[in-house]
Amino acid sequence: MPWQPPSPIQIFQLLPKTNCGKCGEPNCMAFAVKLVNFEATLEACPPLIEDLKLRPIFEKLKSLLAPPVREIELRGSKKIVKIGGKYVLYRHELRYMNPTAIAIDIDDSMDRENILKRIEIVEKFEYDYVGQKLKLDAIAIRSSSNDPKQFARIVQFVAENSVLPIILCSLNPAVIEAGLNVLTPPHKPLLYAATKDNWREMAELAKRFEAPLSIASPGNLDMLVSLSKTITEDIGLQDVVLDPGCFIGPGGLSYTLKAYSWIRYKAIYDLWRYVGYPLIATPIAVWNYLKSDITEIMWWEAIMALTLMTRYADLLILHSLEGWTLLPLVMWRFQLYTDPRKPVAVPPGLREIGKPDENSPVLVTTNYALTYSIVSSDAEKSKVNAWLLVIDTEGLAVDVSVAGRKLTGEKVREAIKSSNLEQKVKHRILILPGKAARMQGDIEDATGWKVVVGPAESSEIGKFLEKIWLPEKLKELTA
Amino acid sequence: MSMEKKDEKQELEARKQANIYSLLAKLTEALAEGIVELYNVEIEADELTIILPETGAIAPQIPIPIMVSPPKQTVEAKPEAAVATAVAKTVEVVAKKVVELAKVAFEEPRPKYSGRVVEVKLGATRSEGGTREKTIVIGGHTTPPYLYLIGYGSGHTPAFGGDTFDMKIGLPRAVRQVFGDALDNPIEWASLWINKFGAEAIDIHLVSTDPTIRDAPPKEAVKIVDMLLQSVKVPIVVGGSGNPEKDVEVFRSIIEAYPSEGLVINSLNLDMKLEAICRHIAKSNAIVINFSPMDLDKAEQINRKVYEWIPRNRIMLDLNIGGIGYGTEYGFTVMERARLSALIGNELLAHPFNVGAANAWGAREAWITMDPYWGPKEIRGPLWETLTCIICLLAGADYFMILHPLTIKVLREMREYLFSEPKISDPDKALQWLSSKLPIV
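Residues numbered from 1 in each chain as written. Chains lettered and ligands numbered in written order. Predicted model: local features only at pLDDT ≥ 70, side-chain atom pairs only at ≥ 80, totals over all residues. Heavy atoms only, no water.

1. Some thoughts on the overall build of chain B
No. 1: Within chain B, the secondary structure is distributed over 11 helices and 10 strands.
No. 2: Counting the 441 residues in chain B, one finds 54% classified as buried.
No. 3: Considering only residue pairs separated by 6 or more positions, chain B has 72% of its internal contacts joining residues 24 or more positions apart.
No. 4: Of the roughly 20500 Å² of accessible surface on chain B, 52% is carried by carbon and sulfur atoms. (Helix = DSSP H or I, 4+ residues; strand = E, 2+ residues; numbered from the N terminus. Buried < 20%, exposed > 50% of the residue type's maximum accessible area, 1.4 Å probe, protein only. Contact = heavy atoms within 4.5 Å. Areas by Shrake-Rupley, 256 points an atom, 1.4 Å probe, with all protein chains shown as cover.)

Right under this line is the structure:
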């Protein structure tokens, strides 16, 4: 049986039942519903937090709501990233929590100029997507020098120049220790990695510095869970991250996918505690497997990253800083981690582009957030004054909603009516997206408006209107 | 109970001891190196004698908070170091008593599934009444994709077809660059796909039949399919224009002309008069793709209707996909849900999936010119299509209609890797990146 959320009643019975509303909900039952849907956290309940006598209850609630995959926090000087905290194997069962963090590597043998350049690219990386800023999350410092002093110097240099959480990477405990020694609070770095050969020393460091610890056992799942049991149960470290190894090629890719899937399956379906920890993946390993040209290596690094992001990795370490490899990764990550119960949609209705009046054109689009944001930004860029009629297609894009009959004449008719469009414009012309050309007749029949098929790409809106929105053309159209 | 308590106590005791020894070892080791560091030290013991070696090695640079381990290749240990080694060994012994590496075996997941995805055969050989030299069988899955529950192949491997169009349409530059003049002629285009780029089937999209485009008559479409059947020997997937009325006419003409080639009809949907076309398909050995964009209820609905005429093992399902950034997650999740539902016994969804990978190019990031940091579109585009396909692959997709040769090349490699026995020959290689000097990119 997979992990099951507690019932709202179960939670409600433990809550203080003050119905005080301090959490923002009308009563404790409503708060309980929010809690089991993971739309609120216990910390939002002041009576529960403030009354020290309720500590045991708080702890009980906390454990009832605890995810089968532990949540772990990494802290940089100013940025925090949380990984893990997963409840389900498939996103449709609830939703995935804490998007896969992406870390980019820095090598302690790089010169400072290069390091600064890499930090700058990582920190400035940003892509605007559906009103969200997609970014990178952490820096992994590895030691090709294997010299503790050199490593310490570079760790210090990175910490001085970056706000992001740091992952200290070496199999040599002395190197890791040197790095730990130069990081001061609020830094809480992740250590990578304890292996079958160095686990005692690494565990000791993790304990002493209270830092989360990665356990790596490439190619050997028995050893991975043995190490996990030893370190978590016998030594008592709870903040650990697991790495079963990242391989490509025949035997390698299948092993990797199997290992990540099995671990997550066992954590969520069998609630096996030795694997109930976040997973780290290192597509950067591709750089050692492939000796082909750099573009091909980056191509495979992106493939491994995307594959393991889709199959349960909570944190990735990558080497390539190229925009073309990172862009699809951050976009897919955003999609994969959206709440499948709520389509990414904007409210339907009539919007203004620029300052439209009674003679301005009416553009039709759908209420899929991405469609809407692209169309409105393109229209704004082309500096037109127009009305944008956003149809409720249940959050689907134009082509999909045409195919799925969500953008129909009936829907457009309703939108015209509810937005009072007939009072707002004098003409009776709608401009339909090119990808919805097939609906032209249907919409004309249902609305009685003249439908003109516009461009398939919203970037062409400006040019299109220049050609068509002219008095003589309009006369022709309405004749 | 008391035994356990006693053990616990002993263990606690041993742990304390180990801590002290460990500290001692560190101290001695550090002294040997001339560096001392102590923080958060708290020693609790009844009797403790620390014998510090008498040397002048306590160097003045104490505050440097860096601990250097003794070089491993020391020929002969200095006396101080020898002491350190001895203590360290004791610590190891004690520590071993306290925390030994547990021996735990990884327990295999054992979910149970009762359903099975039907096997569908694309194309027909001479012995089956057709002229194909190669046919493709897909489906047959009994476990979720790539979970490796029963060996490394649950059902058949996915297959990859190359897209061609019967008239010039707007294509991304990355695609135009590869096919050049062949784009003017679907037959040449298809030959390039087969002979040079490893396509395993050909998808012909009969765009010219669209009433709003050229409204080409069905007999022209038949002619193109005829030429294709003669020039390539792989299965052919025949795509309509998407106009529900016209597609019925076009598909009917093609099926009547080639009833025994195992043609794949792409696609049927609920907007069509299904009876009008299915009656004819029933008399052939053609396969149909039932198209139900991101909607499982409708997928069941259309399958239920089509079952009246066409046997289950001649039906594929297309739940649609959007390129990365453009609704990919809907297609991904709806495929995952359909496959899981099929595996627990829902026969209505137990069909192989078709994926129109060319949709990936609908993402503007796949083809627009962007700021140089995001790289040339000629590489962004094929990568976009490749990654979109991999997302579908992981959700269990079986047949892919692909626009760019690089996508097919990479997917064929992926398939080889994914369907090989999971086995690692050189595990330590996975950690080499830690200490490698990599090209700075």
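2. Examining the overall build of chain A
No. 1: Along chain A, the regular secondary structure elements total 20 helices and 17 strands.
No. 2: Each principal axis of the C-alpha distribution contributes one length, and for chain A these read about 85 × 60 × 40 Å.
No. 3: The buried share among the 479 residues of chain A stands at 61%.
No. 4: Pairs at least 24 residues apart make up 65% of the contacts formed inside chain A by residues separated by at least 6 positions.
No. 5: When the accessible surface of chain A is split by element, carbon and sulfur atoms take 51% of a total near 18200 Å².
No. 6: Positive and negative side-chain charges in chain A, numbering 58 and 57 respectively, have mean positions lying 3 Å apart. (Lys, Arg positive; Asp, Glu negative; His and termini not counted. Charge placed at Lys NZ, Arg CZ, Asp CG, Glu CD.)

3. Section: the interface of chain B and chain A
No. 1: Contacts between the two partners involve 93 residues from chain B and, on the opposite side, 113 residues from chain A.
No. 2: For the chain B and chain A pair, buried surface summed over both sides reaches about 9400 Å², with 68% attributable to carbon and sulfur atoms.
No. 3: Considering only the surface of chain B that becomes buried against chain A, F106(B), W433(B) and V441(B) emerge as the three largest contributors, covering 9% of it.
No. 4: Summed over the shared surface of chain B and chain A, the result is four salt bridges.
No. 5: Among the ionic pairs, R364(B) bridges to D378(A), the shortest N-O distance being 2.5 Å.
No. 6: Applying the counting rule to chain B against chain A returns 30 residue pairs in polar contact (both at pLDDT 80 or more). (Buried area = accessible area lost by both parts, 1.4 Å probe. Salt bridge = Lys/Arg side-chain N within 4 Å of Asp/Glu carboxyl O. Polar contact = N/O pair within 3.5 Å; in protein donor to acceptor, adjacent residues only side chain to side chain.)

4. What to know about helix α5 (residues 218-231) of chain B
Residue and element names in this part refer to chain B.
No. 1: With 14 residues, α5 should reach 20 Å at 1.5 Å per residue; the first-to-last C-alpha distance of 20 Å fits that figure.
No. 2: Here α5 has its buried residues at P218, A221, V222, I224, V225, L228 and L229. Buried residues of α5, viewed axially, fall in a sector of 160°; they line one side. Residues of α5 that are exposed and point more than 90 degrees away from the buried face comprise K219, K223 and Q230.
No. 3: Elements in contact with the buried residues of α5: α4 (186-195), β4 (201-205), β5 (236-239) and α6 (244-257). (Expected span 1.5 Å × (residues − 1). Arc of directions from axis to C-beta.)

5. Structural notes on the confidence of the model for chain B
Residues shown with low pLDDT carry predicted positions that ought not to be read at fine detail.
Residue and element names in this part refer to chain B.
No. 1: Per-residue confidence for chain B gives a mean pLDDT of 85, with 78% of residues at or over 70.
No. 2: Confidence drops under pLDDT 50 across residues 34-43; counting only partners more than four residues distant or on other chains, this segment forms 21 contacts.
No. 3: Low pLDDT, under 50, characterises residues 52-78; the predicted model gives this stretch 29 contacts beyond four residues in sequence or across chains.
No. 4: Across the assembled chains, the prediction reports ipTM 0.84 with pTM 0.82. (pLDDT = per-residue confidence, 0-100.)

6. Overview of the environment of V362(A)
All names here are of chain A.
No. 1: Inspection of the secondary structure assignment puts V362 in strand β14 (residues 362-366).
No. 2: Judged by its relative accessible area of 0%, V362 is buried.
No. 3: Sequence spacing of V362 and I431 is 69 residues, and the spatial spacing of their C-alpha atoms is 6.0 Å.
No. 4: Once residues lying within four places of it in the same chain are set aside, the contact partners of V362 are W387, L389, L421, V425, H427, I429, L430 and I431.

7. Examining the pairing of strand β12 (residues 315-318) of chain A
All names here are of chain A.
No. 1: Burial along β12 is two-sided: L315 and I317 and L316 and L318, pointing in opposite directions, are all buried.
No. 2: As defined by bridge partners, strand β3 (residues 101-107) adjoins β12 across four bridges and the pair is classed as parallel. Along β12, the bridge assignment pairs A103 with I317.
No. 3: Bridging between strand β11 (residues 280-281) and β12 involves two bridges; their strand directions are parallel. Residue pairing in the sheet places A281 in a bridge with L316 of β12. (Pairing = 2+ DSSP bridges.)

8. So, the domain arrangement of chain A
No. 1: Domain boundaries in chain A define domain 1 (8-65), domain 2 (71-336) and domain 3 (349-478).
No. 2: Look at where the C-alpha atoms of domain 1 of chain A and domain 3 of chain A centre, and you get two points 47 Å apart. (Domains from an automatic or database assignment.)

9. Quick look at the pattern of salt bridges
No. 1: Going through the model one piece at a time under the given rule, you end up with 48 salt bridges over all chains.
No. 2: A salt bridge links K266(A) to E107(B), with the nearest nitrogen and oxygen atoms 3.6 Å apart. Within this pair, whereas K266(A) is found in helix α10 (residues 252-269), its partner E107(B) is found in the loop between α2 (79-98) and β1 (119-122), the two belonging to separate chains.
No. 3: Its relative accessible area of 42% is what places E107(B) among the partly exposed residues.

10. Describing the packing of aromatic side chains
No. 1: Across all of its chains, the model carries 27 aromatic pairs over all chains by this definition.
No. 2: Judged by centre distance (5.4 Å) and plane angle (50°), the ring pair of Y192(A) and W433(B) falls under tilted. Residue Y192(A) is located in strand β8 (residues 190-194), and its partner W433(B) is located in the segment after α11 (405-418); the two belong to separate chains. Comparing Y192(A) with W433(B) shows no difference in burial state: the two are buried.
No. 3: Members of the aromatic cluster, joined through ring pairs, are F165(B), F179(B), W189(B), W193(B) and F197(B).
No. 4: Positioned over the ring face of F157(A) is R112(A), at 4.7 Å from the centre of the ring. (Phe/Tyr/Trp six-rings, centres within 6.5 Å; stacked < 30°, edge-to-face > 60°. Lys NZ or Arg CZ within 6 Å of the ring centre and 35° of its normal.)

11. Here we look at the packing of helix α12 (residues 294-310) of chain A against helix α13 (residues 323-336) of chain A
Residue and element names in this part refer to chain A.
No. 1: Two elements in contact, α12 and α13, have axes separated by 9 Å at closest approach and are oriented at 10°. Here α12 lies roughly parallel to α13, going by the angle between them. Between α12, through T295, M298, W299, A302, A305, L306, M309 and T310, and α13, the contact on the second element is made entirely by W324, T325, L329, W332, R333 and L336. (Axes fitted to C-alpha atoms, helices over the stretch in contact; angles between N-to-C directions. Parallel < 35°, antiparallel > 145°, perpendicular 65-115°, else oblique.)

12. What to know about the sheet that holds β8(A)
Residue and element names in this part refer to chain A.
No. 1: Spatially, the eight strands line up as an open sheet ordered β10-β9-β8-β7-β6-β3-β12-β11, and their pairing is parallel. The two strands at the open ends of the sheet, each matched to only one other strand, are β10 (240-243) and β11.
No. 2: Sheet analysis places strand β9 (residues 213-216) next to β10, joined by four bridges and oriented parallel. In the sheet register, L213 faces β10, and the bridge partner there is V240.
No. 3: Packing of helix α8 (residues 199-209) onto the sheet brings it into contact with β8 and β9, and relative to β8 it is tilted by some 165°.

13. Focus: the sheet that holds strand β7 (residues 287-291) of chain B
The strands making up a sheet associate through hydrogen bonds between their backbones, and the pairing can be parallel or antiparallel.
All names here are of chain B.
No. 1: Pairing is parallel across the open sheet formed by eight strands, whose spatial order is β8-β7-β6-β5-β4-β3-β10-β9. Unpaired on one side and paired on the other, β8 (315-318) and β9 (354-356) mark the two borders of the sheet. Taken over all neighbouring pairs, the strand axes of this sheet differ in orientation by 25° on average, direction set aside.
No. 2: Here strand β6 (residues 264-268) runs beside β7; their pairing, made up of four bridges, is parallel. Within β7, the position partnered with V264 by the bridge is I287.
No. 3: Taken strand by strand, α6 contacts β5 and β6, and its axis lies near 160° from that of β6.

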